[in-house]
Amino acid sequence: MGKIKIALLHLLPIAGDVEHNQKLIEQAIHIAANNNAEWIITPELCVSGLQFNHKIGTGWIIKQPDAWMNNLSRKLKNLKSTVFLGCPEKGRNGELYNSVFVIDKKGHLIGKQCKISVIDDWSAPGEVLEPIKTDNVEVGIMICADAYNKDIACTLSEKGAEILLAPSSWGPGLHGPEGEWEQRSLETGLPVIVCNRTGEDETVRFWDAESMIIKNGVPLLTHKSKQSAILTFEWDLQSMELLSPHFDIDYI
């Protein structure tokens, strides 16, 4: 596959309001699909919000795919889009994970990545780190703090990743990003696509958090906003080059 459209869902989820967030995700996916986006990427924990556990605890988290994710998968089969969805899940033995699920254009759940570098008190670190192949491209997923040092990005690169996606909830301030994504791109030689978010949770503000397209350590496109936005751009999967001079932006 060569040229494709990719959409970053730079959304404003509400911590703990799962139903609201699910509706927001569905609305954004439909807009992105109508823009002919073939890959649609959500921020980290978009279904729950980052600090959901402070409001609704963790008892609601179940094994995935649940009824909502299965319904979303059926819709994706008609929309012809692959979605990278940030959602918490319960593991086989009751452990909880901060995960990104990959649902392909046929509505099949083809893989997931659990966050490795956990910094919260509710989730366990993932134990498997492997690229996920979609559209004949090996995609490495590093979730937010997984980009903090070089280990995860370099391991994904060594295992054959051709591009790195970084679904994140990471805004400026104390412990905010300080060039980590750019450095991971330089170290691996891989492009890094960051899907961040806006808004705020209980103790973290994301109003100035940026979604970014990075190649060779250089941010090519960046976006921050005070409201939810769908950021669409064209990318060449063969040359791994950005084809768009700017994001096409739909605000919701």
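- Under the annotation held in an unreviewed UniProt entry, the protein carries the name Nitrilase/cyanide hydratase and apolipoprotein n-acyltransferase and is attributed to Peribacillus simplex.

1. Some words on the UniProt feature "domain: CN hydrolase" (unreviewed entry) in the protein
Alright, step 1. Taking the UniProt record as the reference, the feature "domain: CN hydrolase" (unreviewed entry) is found at residues 4–237.
Alright, step 2. End-to-end, the C-alpha atoms of residues 4–237 are 7 Å apart, and along that stretch the chain is 22% helix and 29% strand.

2. Side note on the layout of surface pockets
Alright, step 1. For the largest pocket, the calculated volume is near 650 Å³.
Alright, step 2. Here the residues of the lining of the largest pocket are counted per class, giving 11 nonpolar, 10 polar and 8 charged.
Alright, step 3. Counted as a void, the second largest pocket has a volume near 390 Å³.
Alright, step 4. Considering the residues around the second largest pocket, the lining is formed by 20 residues, among which Glu89, Tyr97, Lys112, Cys114 and Val128 are closest to the centre.
Alright, step 5. Of all the elements in the fold, those that place two or more residues in the lining of the second largest pocket are strand S3 (82–90) and strand S5 (109–114).
Alright, step 6. The leading source of residues in the lining of the second largest pocket is S5, at 5 residues.
Alright, step 7. Tallied by class, residues from the lining of the second largest pocket come to 7 nonpolar, 5 polar and 8 charged.

3. Quick word on the pattern of salt bridges
Alright, step 1. Overall, the coordinates contain 12 salt bridges when judged by the stated rule.
Alright, step 2. Salt-bridge contacts for Lys105 lead to Asp135; the nearest nitrogen and oxygen are separated by 2.6 Å. With a gap of 30 residues between them, Lys105 in the loop between strand S4 (96–103) and S5 and Asp135 in the loop between strand S6 (132–134) and strand S7 (137–141) connect regions that are remote in the sequence.
Alright, step 3. The class for Lys105 is buried, based on a relative accessible area of 17%.
Alright, step 4. Of the charged contacts in the structure, one is a salt bridge between Arg197 and Asp201, with a shortest N-O distance of 3.4 Å. Of the two residues, Arg197 and Asp201, neither departs from the other in class, the shared state being buried.
Alright, step 5. One salt-bridge network, held together by shared partners, links Asp208, Lys224 and Lys226.

4. Here we look at the pairing of strand S1 (residues 3–10)
Alright, step 1. Most of S1 is tucked away: 6 of the 8 residues are buried.
Alright, step 2. The sheet contact formed by S1 and strand S12 (residues 229–236) spans 8 bridges and is antiparallel. When the sheet's bridge partners are listed, Lys5 is paired in S12 with Glu234.
Alright, step 3. The pairing of S1 with strand S2 (residues 39–41) spans 3 bridges and is classified as parallel. Within S2, the position partnered with Ala7 by the bridge is Ile40.

5. A word on the environment of Ser48
Alright, step 1. The residue Ser48 is located in the loop between S2 and helix H2 (53–56) in this model.
Alright, step 2. Between the C-alpha atom of Ser48 and that of Gly217, which follows or precedes it by 169 residues, the distance is 31 Å.
Alright, step 3. Setting aside anything within four residues of it in sequence, one finds Ser48 in contact with Ile14, Ala15, Gly16, Val18, Asn21, Trp60 and Pro88.

6. Notes on the sheet that holds strand S8 (residues 163–167)
Alright, step 1. Strands sit in the order S6-S7-S8-S9-S10-S11 across an open sheet of 6 strands; the sheet is mixed. Every other strand in the sheet has two partners, leaving S6 and strand S11 (218–223) as the edge strands with one partner each. Mean inter-strand twist for the sheet, computed between neighbouring axes without regard to direction, equals 25 degrees.
Alright, step 2. As paired elements, strand S10 (residues 211–215) and S11 share 5 bridges and run antiparallel to each other. Paired with Lys215 across the two strands is Val218, which belongs to S11.
Alright, step 3. Lying on the sheet, helix H5 (residues 180–188) is in contact with S8, strand S9 (192–195), S10 and S11; it crosses S10 at an angle near 25 degrees.

7. Examining the packing of aromatic side chains
Alright, step 1. Under the definition given, this model contains 6 aromatic pairs.
Alright, step 2. Aromatic pair Phe52 and Trp60: ring centres 5.6 Å apart, planes at 85 degrees, arrangement edge-to-face.
Alright, step 3. The class of Phe52 is buried, set by a relative accessible area of 0%.
Alright, step 4. Using a relative accessible area of 29% as the deciding quantity, one classes Trp60 as partly exposed.
Alright, step 5. Both rings, one in Tyr148 and one in Trp170, keep their centres 6.5 Å apart while their planes meet at 40 degrees; by these two values the pair is tilted. Placement of Tyr148 in the loop between S7 and helix H4 (150–158) and of Trp170 in the loop between S8 and H5 is noted, with a sequence separation of 22 residues between them.
Alright, step 6. Owing to a relative accessible area of 8%, Trp170 belongs among the buried residues under this scheme.
Alright, step 7. Each residue in the set Phe52, Trp60 and Trp122 is aromatic and connected to the rest through ring pairs, giving one cluster.

Reading the values: the criteria
- Residues numbered from 1 in each chain as written.
- Predicted model: local features only at pLDDT ≥ 70, side-chain atom pairs only at ≥ 80, totals over all residues.
- Heavy atoms only, no water.
- UniProt positions renumbered as here; feature names shortened; annotations may be inferred.
- Helix = DSSP H or I, 4+ residues; strand = E, 2+ residues; numbered from the N terminus.
- 1 Å grid on protein atoms, 1.4 Å probe; cavity = no way out; pocket = protein on both sides within 12 Å on 5 of 7 lines; lining within 4 Å.
- Points joined across faces, edges and corners; volume = space filled by probe spheres on them.
- Nonpolar A, V, L, I, M, F, W, Y, C, P; charged D, E, K, R; others polar.
- Salt bridge = Lys/Arg side-chain N within 4 Å of Asp/Glu carboxyl O.
- Buried < 20%, exposed > 50% of the residue type's maximum accessible area, 1.4 Å probe, protein only.
- Pairing = 2+ DSSP bridges.
- Contact = heavy atoms within 4.5 Å.
- Axes fitted to C-alpha atoms, helices over the stretch in contact; angles between N-to-C directions.
- Phe/Tyr/Trp six-rings, centres within 6.5 Å; stacked < 30°, edge-to-face > 60°.

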